[in-house]
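# Breakdown of the fold
Chain residues, written in single-letter form:
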Amino acid sequence: MIAADSHLRIANLVHRRTLSPVPATINRHFLQLPPSCRDLGLQLKFNFAADFSVLQSDRWKMSGGCFRMRTRKRETKRPIVEVDGPGEDVLDAGAAQAKLHPEHLVVMVNGLIGSAADWKFAAEQFVKMLPDKVIVHRSECNSSKLTFDGVDLMGQRLAEEVLAVVRRRPELKKISFVAHSLGGLVARYAIGVLHEHSPNKYPSSLSGKPLTDRPKSSLQHFDQPYEARISGLEPINFITFATPHLGSRGNKQLPLLCGLPFLERRASQTAHMIAGRTGKHLFLTDKDDGKPPLLLRMVKDSDNLKFISALWAFKRRVAYANANYDHMVGWRTSSIRRQHELPKSNLLVADDKYPHIVYVERETKCITYNSGCVVEDQTIDLEEEMIRGLTQVPWERVDVSFHKSRQRYVAHTTIQVKSYWLNSDGADVVFHMIDNFLL
């Protein structure tokens, strides 16, 4: 009886963890075990993750005085992945079986040397949590070495891929973008291209005048987003994760260089040898036909592309940024802030529900400084100009810290959960994005 009592204590301990009582039938069978079976307690294989409350007496089979437990495997339907042209469409299996047609397209864009697989975890969580609401498209047109072709060519390819998805899914009505790292710049370029495909290219303002008839000064500071379309759909969320919105040229904008001036200058001069045209764009050294750097042109409507108007069209713009341990993208550039605007360390407080979310700044416009901003060189001058251009529109900022995580040294990929076994600590950041997603 001693052996049986010990087994009962183990079973009860298991069930206290599952918040369900041990079935009486299990207790009775334990007490009726013959000594030979009680001595062979190791043969009783308890699955500590199983829910014992579903076990029934008719699923316990007696054989030779001993019994064997047979558990029922829970059926979990994995999301459906459809491949039709570049990229992958991820849908909930139940919604597809019920012939439900989600109307909200979520386009996920990878970063440098990335692929559609980088967003696998986040895409699956999206369709699990919002099965009948969204369909997720993981972009594949800019993968691997194609990410060296430059932000403009990549943005053009992404725009064409999105249009192809919209054409084959006429039920779509809304669109959102979720992008990681370099993918955020590519998505910003793509929406500038897709805005040209809007059926309401020149929507009327409240005064009844077309937008193009308004003074140029008013185009730089809209009172509110006007109704527009991106690839013919209603734009809802534009979300970036660790994106170098201000480029990588400024001080500590590429933390890997440790803020050493001579390394940062050398990186600016040699980036194109490593990352091709993309390197030139990130370090603002491109001078195509004598034009200003591309990232500088992308903070306003230029070259017949409505970059800032397209951003205005979205109901939400959110920038997730690593506050530390991101060796690829600095905190200022990913959160579109000046150095003195970054939250102080005493303001960074972990959320109980999302332990790695340490600071949330709701939609705010940047305060434009007419004076007080000391411009020491061209780098800071360009950075300031980009901040002023991008903050014409309100942004939500979400600061993330993996300071206490074992995965902190790969924070740049952990923030998006690029690989679950390596970046699992970033799952709460993904859930935070989904929980706050505007449908």
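Criteria and thresholds
Residues numbered from 1 in each chain as written. Predicted model: local features only at pLDDT ≥ 70, side-chain atom pairs only at ≥ 80, totals over all residues. Heavy atoms only, no water. Helix = DSSP H or I, 4+ residues; strand = E, 2+ residues; numbered from the N terminus. Buried < 20%, exposed > 50% of the residue type's maximum accessible area, 1.4 Å probe, protein only. Areas by Shrake-Rupley, 256 points an atom, 1.4 Å probe, with all protein chains shown as cover. Axes fitted to C-alpha atoms, helices over the stretch in contact; angles between N-to-C directions. Left-handed = near helix turned anticlockwise from the far one by under 90°. Contact = heavy atoms within 4.5 Å. Nonpolar A, V, L, I, M, F, W, Y, C, P; charged D, E, K, R; others polar. Parallel < 35°, antiparallel > 145°, perpendicular 65-115°, else oblique. 1 Å grid on protein atoms, 1.4 Å probe; cavity = no way out; pocket = protein on both sides within 12 Å on 5 of 7 lines; lining within 4 Å. Points joined across faces, edges and corners; volume = space filled by probe spheres on them. pLDDT = per-residue confidence, 0-100. Polar contact = N/O pair within 3.5 Å; in protein donor to acceptor, adjacent residues only side chain to side chain. Pairing = 2+ DSSP bridges. Expected span 1.5 Å × (residues − 1). Core = buried A, V, L, I, M, F, W, Y, C linked by side-chain atoms within 4.5 Å.

## What to know about the overall build of the chain
Secondary structure assignment for the chain yields 16 helices and 11 strands. Burial statistics for the chain: of 439 residues in total, 51% are counted as buried. Carbon and sulfur atoms provide 54% of the accessible area of the chain, an area that totals close to 21,900 Å².

## A closer look at helix α16 (residues 427-435)
α16 sits mainly inside the fold: seven of its nine residues count as buried. Those residues of α16 that fall on the buried side of the exposure criterion are Ala427, Asp428, Val429, Val430, His432, Met433 and Ile434.

## Some thoughts on the packing of helix α6 (residues 151-168) against helix α7 (residues 182-194)
At their nearest, the axes of α6 and α7 sit 7 Å apart, and the two run at 60° to each other. Between α6 and α7 the crossing geometry is right-handed. Two secondary-structure elements touch here, α6 through Val151, Asp152, Met154, Gly155, Gln156, Leu158, Ala159, Val162 and Leu163 and α7 through Leu182, Leu185, Val186, Ala187, Tyr189, Ala190, Val193 and Leu194. Looking at the contact of α6 with α7 residue by residue, the class counts come to 14 nonpolar, two polar and one charged.

## Some details on the packing of α6 against helix α9 (residues 261-282)
In contact at an axis separation of 8 Å, α6 and α9 are set at 110° when each is read in the N-to-C sense. Relative to α9, the element α6 lies roughly perpendicular. On α9, the residues that touch Val151, Asp152, Leu153 and Met154 of α6 are Arg277, Thr278 and His281. A breakdown of the residues in the contact of α6 with α9 according to their chemical character gives three nonpolar, two polar and two charged.

## Some remarks on the layout of surface pockets
Approximately 520 Å³ is the volume attributed to the second largest pocket. If you trace the second largest pocket, you find 28 residues lining it, with Leu112, Leu254, Ala275, Leu282 and Met328 closest to the centre. Among the elements of the structure, α9 and α14 (411-414) are those that each provide at least two residues to the lining of the second largest pocket. For the lining of the second largest pocket, the class distribution of residues is 16 nonpolar, 10 polar and two charged.

## Description of the confidence of the model for the chain
For residues with low pLDDT, the predicted coordinates do not support detailed interpretation. When pLDDT is averaged along the chain, the result is 80; 72% of the residues meet or exceed 70. Scored below 50 in pLDDT, residues 13-31 shows 30 contacts in the model against residues more than four places distant or in partner chains. Of the regions scoring below 50 in pLDDT, residues 367-376 engages in nine contacts with residues more than four places distant in sequence or in other chains.

## Here's the deal with the side chain of His281
Along the chain, the position of His281 falls in helix α9. According to the relative accessible area criterion, His281 is buried, its value standing at 2%. A distance of 3.1 Å separates the side chain of His281 from the backbone nitrogen of Val151, its partner in a polar contact. The contacts of His281, once residues within four sequence positions are left out, are Gly150, Val151, Asp152, Asp286, Asp288, Leu294 and Leu295.

## As for unusual backbone geometry
Although it is not a glycine, Ala242 sits at a positive phi angle of roughly 50°. Among the secondary structure elements, Ala242 is positioned in the loop between β8 (234-241) and α9. The exposure class of Ala242 is buried, given its relative accessible area of 0%.

## As for the pairing of strand β4 (residues 88-91)
Relative to β4, strand β3 (residues 80-82) runs antiparallel, the two being bridged by three bridges. Bridge pairing in β4 places Glu82 opposite Asp89. The antiparallel pairing of β3 with β4 creates a hairpin that spans five residues between the two strands, and Gly85 there sits at a positive phi of about 85°. In terms of strand pairing, β4 meets strand β6 (residues 134-138) through three bridges, oriented antiparallel. Within β6, the position partnered with Val90 by the bridge is Val136.

## Some details on empty space enclosed by the protein
Over the atoms, a rolling probe the size of a water molecule traces out where space has been left empty. Counted by the stated rule, this structure contains two cavities of 30 Å³ or more. Estimates place the volume of the second largest cavity at around 30 Å³. Lining the second largest cavity are Leu91, Asp92, Ala95, Ala96, Leu100, Pro102, Pro131 and Val134. In terms of residue class, the lining of the second largest cavity is built from seven nonpolar, no polar and one charged.

## With respect to α6
For α6, with 18 residues, the first-to-last C-alpha span of 26 Å sits near the 26 Å given by 1.5 Å per residue. When α6 is considered as a whole, its buried residues turn out to be Val151, Asp152, Met154, Gly155, Leu158, Ala159, Glu161, Val162, Leu163, Val165 and Val166.

## Let's talk about the nonpolar core
Leu158 and Phe177 are the most contacted members of the largest nonpolar core, which has 58 residues in total. Elements with a contribution of two residues or more to this core: β5 (104-109), α6, β7 (174-180), α7, α9, α10 (294-297), α11 (307-313) and α13 (378-390). No other element matches α7, which puts nine residues into this core. Those residues within four positions of Leu158 in sequence are excluded, and the remaining contacts are Val107, Val109, Ser139, Cys141, Asn142, Phe177, Val186, Ala187 and Ala190. Within the second largest apolar cluster, 32 residues are counted, among which are Phe241, Val400, Ile415 and Met433.

## Observations regarding the side chain of Ser335
In this fold, Ser335 is placed in helix α12 (residues 331-335). Taking relative accessible area as the criterion, Ser335 reaches 0% and is therefore assigned buried. Only 3.3 Å separates the side chain of Ser335 from the side chain of Arg337, close enough to count as a polar contact. Contacts of Ser335, omitting those with residues within four sequence positions, involve Ala319, Ala321, Leu342, Arg397 and Asp399.

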